[in-house]
Amino acid sequence: MPVHNEQFDVIVVGGGHAGVEAAYAAARLGSKTLLITLDLDKIGLMPCNPAIGGIGKGHIVFEISALGGLMPKLCTQTYLQARMLNTRKGPAVQGLRLQIDKHAYRKLSRSVLERTNNLTMVADMVEEIIVDKGNNRTTGVLTSKGVSFNAPSVVLTTGTFLNGLTHIGTKQAREGRQGEQSVHGLAQFLKDAGLAVGRLKTGTPPRLLRSSIDFTKLEAQAADPLDFLFEFESFKATSSHVCYIAHTNEKTHNIIRKNLHLSAMYNGNISGIGPRYCPSIEDKIGRFPDKISHHVFVEPESATCDEIYPNGISTSLPIAVQEEYVRSIVGFENAVIVRPGYAVEYDFVMPNQLEHTLELKAIRGIFLAGQINGTTGYEEAAGQGIMAGINAHLTSRGLAGFILDRSESYIGLMIDDLVTMGVDEPYRMFTSRAERRLLLRQDNAFLRIMPKAHQLGLVDDELFAKCMQEKKEVSEAIEALHKLKKGAEIVSVFAINPKLAREQIAELTGIRLHERAAQTVCAHILYEPYLIREIQQITKREQQKNLALPADFLYDDLPGLSKELQQKLTHYKPQTIADAALISGMTPSALALLIFYRSKELVKKKNIIFNKSHTTAS
């Protein structure tokens, strides 16, 4: 039964992955929380790839787990297959990825939220935010049903629904997702409020009937035997589900090439910018004309339905063309399309209009999280959602905001990138974005983040005590191995046989570690010389935070800087040396040049002031 005109502490708009985390965090912290979403049955829906984690993205999920978030708990109970990616590389760039039963995940999301204290959920559409113009603060929201709900903090997690427009070939529909309504009133409110708004695009592939695919022609991808998933507690990963890999071919590419003019991406119907790192199949063909084949990851959507997700062939081509190019792929010769692929474009708010708490600078009390900030991906959305929910709660209490630094977390890194640099394409997390990735590993996420979550009240004493015990054992094991001068030997063994390395650590030190703690020990020893340097660089960066760059600083034709960096510096206008360091492609030598020229500029200004004073005195 909906609640009308009741006072809440926090209102969350949208029930996607950002909204779920925001509502869950705010309610668990004690805020009387309202979640408003278009359809209660779509809470936690995975409209695109039914998987969570991966390289960079998995790091975010581990940090959500360390903050007491919901996504990792849902994953443990609904996964179909677990794999650790990048195992041939170092522990800093490995990534846990889980194939998820999307239907089970969605149902469990709603069930958990319904049982969460302090949380009320209603199905409605928010038309506008109510603002006290005298104080320039939000006081609540107004819905399409004419109902107002009051709260000092509002979190907007609107996904792809703001002026959402779907495309299949030349056909368009005003939808936030296929078959779901678009949101116009709230989109117009944000524009009328004077916010800078842009347009982005994403897409999804056609879904295929499982029984129509010949899996004997595909490459199988088996699960990995793992002792831990995204949660702190150990969990023996077992699965009978197998994923597969197919490949596009020259015939596939020729079909797409001859029909590019029918794609919404190429016929001028789409104005939004698509994700560079997850392009449509027609975009791949257009951008990489010399590539004769692309991977297609063939993944189950659920254990209870017969739909398959062919990851890698997102499209906005007409349905007839989709059928033709799908059936040109080996193993898909008789494939039946259950649901066609489509593209969706939508409004987003330029994220450099936000504080690091994800609160709007222009209107206090409004927080934004997820695709409304220009990001793409469930994990990025959930990471922003939990931070927005925490800060919405703190604001409603009149307390200082909670911020994670980019040097201590991937979530902090993502938010700092967004609010400092903004976006000109959908933002996706990679380990390469983290200049401190040797420090920010999956294995030590709990040791890094959980103390902060415990202080906030999101992690209970019992779990926190276990985390601190793990930290103690890790530190003692590292110290003992150093004294015995066995560190390098154990690291070498761990790279080949983690179980044997753990047994040897126990024999040498008397400390019996589980898999994650052993990896933390070995990663620390492996990276130790670099970690010392990274910590020194963090200290240096802290000192550079206040090293200001003049707003009128001229970067054009600056000797020693590449044309690309000159253009980027002119475009972004970094306020400090630390901000300049975040620009993609920035090098240590380029930063040294900026510091040099900045110092030279200050000396020049001081001389001008001295000369003026001297002339006046004469």
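See above for the structure.
Residues numbered from 1 in each chain as written. Predicted model: local features only at pLDDT ≥ 70, side-chain atom pairs only at ≥ 80, totals over all residues. Heavy atoms only, no water.

Chemist: Which residues make up the overall build of the protein chain, and what values do they have?
Modeler: Looking only at helices and strands, the protein chain has 18 helices and 23 strands in total. The principal-axis extents of the C-alpha atoms in the protein chain amount to approximately 90 × 65 × 55 Å. Within the protein chain, buried positions represent 56% of all 618 residues. At a minimum sequence separation of 6, the contacts of the protein chain that also span at least 24 residues come to 73%. Carbon together with sulfur atoms contributes 53% to the accessible area of the protein chain, which is approximately 26300 Å² in total. Taking the 70 positively charged and 66 negatively charged side chains of the protein chain as two groups, their mean positions are separated by 3 Å. (Helix = DSSP H or I, 4+ residues; strand = E, 2+ residues; numbered from the N terminus. Buried < 20%, exposed > 50% of the residue type's maximum accessible area, 1.4 Å probe, protein only. Contact = heavy atoms within 4.5 Å. Areas by Shrake-Rupley, 256 points an atom, 1.4 Å probe, with all protein chains shown as cover. Lys, Arg positive; Asp, Glu negative; His and termini not counted. Charge placed at Lys NZ, Arg CZ, Asp CG, Glu CD.)

Chemist: Describe the environment of Thr520, listing the residues and the values that go with them.
Modeler: You can see Thr520 is positioned in helix H15 (residues 515–544). On the accessibility criterion, Thr520 (4% relative accessible area) is buried. Considered as a pair, Thr520 and Pro91 are 429 residues apart in the sequence and their alpha carbons are 8.8 Å apart. What Thr520 contacts, discounting residues up to four positions off in sequence, is Arg441, Asp443, Asn444, Leu447 and Val474.

Chemist: Quick one: what's the story with the pattern of salt bridges, residue by residue and with numbers?
Modeler: Going through the model one piece at a time under the given rule, you end up with 38 salt bridges. Residues Arg502 and Asp227 are paired through a salt bridge, measuring 3.9 Å at the closest nitrogen-oxygen approach. Taken together, the residues span a long stretch of sequence, with Arg502 in helix H14 (residues 498–509) and Asp227 in the loop between strand E17 (219–221) and strand E18 (243–247) at a distance of 275 residues. In this structure, Arg287 engages Asp283 in a salt bridge whose closest nitrogen and oxygen atoms are separated by 3.5 Å. Placement of both Arg287 and Asp283 in helix H7 (residues 281–287) is noted, with a separation of four residues, approximately one turn of the helix. The class of Arg287 is partly exposed, set by a relative accessible area of 36%. When its relative accessible area of 15% is taken as the criterion, Asp283 is described as buried. It is possible to trace a salt-bridge network through shared partners that takes in Lys102, Arg207, Glu301, Glu307 and Arg339. (Salt bridge = Lys/Arg side-chain N within 4 Å of Asp/Glu carboxyl O.)

Chemist: Break down the packing of aromatic side chains for me, with residues and values.
Modeler: All told, the structure shown has six aromatic pairs when counted by the stated rule. Taking 6.3 Å as the distance between ring centres and 85 degrees as the angle between the ring planes, the aromatic pair formed by Phe62 and Phe446 counts as edge-to-face. Of the two residues, Phe62 sits in helix H2 (residues 57–66) while Phe446 sits in helix H11 (residues 445–456), which places them 384 residues apart along the sequence. Both residues of the pair, Phe62 and Phe446, count as buried. Clustering of aromatic rings is evident, with ring pairs tying together Phe62, Phe230, Phe232 and Phe446. Geometry around Phe8 places Lys32 over its ring, the cationic atom sitting 5.4 Å from the centre. The aromatic ring of Tyr427 is capped on one face by Arg433, whose charged end is 4.1 Å from the ring centroid. (Phe/Tyr/Trp six-rings, centres within 6.5 Å; stacked < 30°, edge-to-face > 60°. Lys NZ or Arg CZ within 6 Å of the ring centre and 35° of its normal.)

Chemist: Could you give an account of the side chain of His59, naming the residues involved and the relevant values?
Modeler: In this structure, His59 sits in helix H2. Those residues in contact with His59, other than ones at most four positions away along the chain, are Gly54, Ala92, Gln94, Tyr410, Thr431, Leu440, Arg441 and Gln442.

Chemist: With reference to specific residues and values, describe the sheet that holds strand E7 (residues 126–132).
Modeler: Reading across the sheet, the three strands line up as E7-E8-E9 and stay open at both edges, with antiparallel pairing between neighbours. Only two strands of the sheet have a single neighbouring strand rather than two, namely E7 and strand E9 (148–150). Averaged over all neighbouring strand pairs, the angle between strand axes comes to 30 degrees, with direction disregarded. Across six bridges, E7 lies against strand E8 (residues 137–143) in antiparallel orientation. Each residue of the ladder has a partner; that of Ile130, found in E8, is Gly140. (Pairing = 2+ DSSP bridges. Axes fitted to C-alpha atoms, helices over the stretch in contact; angles between N-to-C directions.)

Chemist: Tell me about the environment of Tyr309, and please be specific about residues and values.
Modeler: Relative to the helices and strands, Tyr309 is located in strand E20 (residues 307–311). Residue Tyr309 is classed as buried on the basis of its relative accessible area of 2%. Between the alpha carbons of Tyr309 and Ile390 there is a distance of 34 Å; along the sequence they are 81 residues apart. Those residues in contact with Tyr309 that lie beyond four places of it in its chain are Cys48, Asn49, Pro50, Thr204, Pro205, Arg207, Phe297, Val298, Glu299 and Glu301. Of the polar contacts made by the side chain of Tyr309, one reaches the backbone nitrogen of Asn49; its length is 3.3 Å. (Polar contact = N/O pair within 3.5 Å; in protein donor to acceptor, adjacent residues only side chain to side chain.)

Chemist: Describe in detail the sheet that holds strand E10 (residues 153–156), supporting the description with residues and values.
Modeler: Here we have five strands laid out as an open sheet, ordered E6-E2-E1-E10-E23, and parallel in their pairing. Of all the strands in the sheet, the pair left with one neighbour each is strand E6 (119–123) and strand E23 (366–368). Within this sheet the neighbouring strands show an average axis-to-axis angle of 20 degrees, counted without direction. Pairing of E10 with E23 involves three bridges; the strand directions are parallel. Its bridge partner being in E23, Leu156 is matched across the sheet by Leu368. Together, strand E1 (10–13), strand E2 (33–37), E6 and E10 form the strand contacts of helix H1 (residues 17–28), whose direction differs from that of E2 by roughly 165 degrees.

Chemist: Quick one: what's the story with the state of the cysteines, residue by residue and with numbers?
Modeler: Counted according to the given criterion, the structure contains zero disulfides. With no disulfide of its own, Cys305 lies 13 Å from the sulfur of Cys243, the closest cysteine sulfur. (Disulfide = S-S within 2.5 Å.)

Chemist: Report on helix H16 (residues 563–572), specifying residues and quantitative values.
Modeler: It helps to recall that an α-helix has 3.6 residues per turn; residues three or four apart then point in one direction. Among all positions of H16, only Leu565, Gln566 and Leu569 are buried. In an axial view of H16, the angular spread of the buried residues amounts to 105 degrees, which keeps them on one side of the axis. Structural note: H16 exposes Lys563, Gln567 and His571 on the side pointing more than 90 degrees away from its buried face. In the segment just after H16, Lys573 is the residue with positive phi, at about 50 degrees. (Arc of directions from axis to C-beta.)

Chemist: Help me get a handle on the packing of H2 against H11, residues and values and all.
Modeler: Here H2 crosses H11 at 40 degrees, and the two axes come no closer than 8 Å. For the element pair H2 and H11, the recorded crossing hand is right-handed. Contact residues: H2 offers Phe62, Glu63, Ser65 and Ala66, while H11 offers Ala445, Phe446, Arg448, Ile449, Met450 and Ala453. For the contact of H2 with H11, the per-class residue count stands at seven nonpolar, one polar and two charged. (Left-handed = near helix turned anticlockwise from the far one by under 90°. Nonpolar A, V, L, I, M, F, W, Y, C, P; charged D, E, K, R; others polar.)

Chemist: Talk me through the nonpolar core; I want residue IDs and the actual numbers.
Modeler: With 120 residues, the main nonpolar core has Ile11, Ile52 and Leu156 as its most contacted residues. Top element by residues in this core is helix H9 (residues 378–396). It accounts for nine residues. Residues contacting Ile11, with those up to four places away along its chain left out, are Leu34, Ile36, Gly140, Val141, Phe149, Asn150, Ala151, Ser153, Val154 and Val155. With 22 residues, the next largest nonpolar core counts Leu208, Ile255, Val321 and Ala335 among its residues. (Core = buried A, V, L, I, M, F, W, Y, C linked by side-chain atoms within 4.5 Å.)

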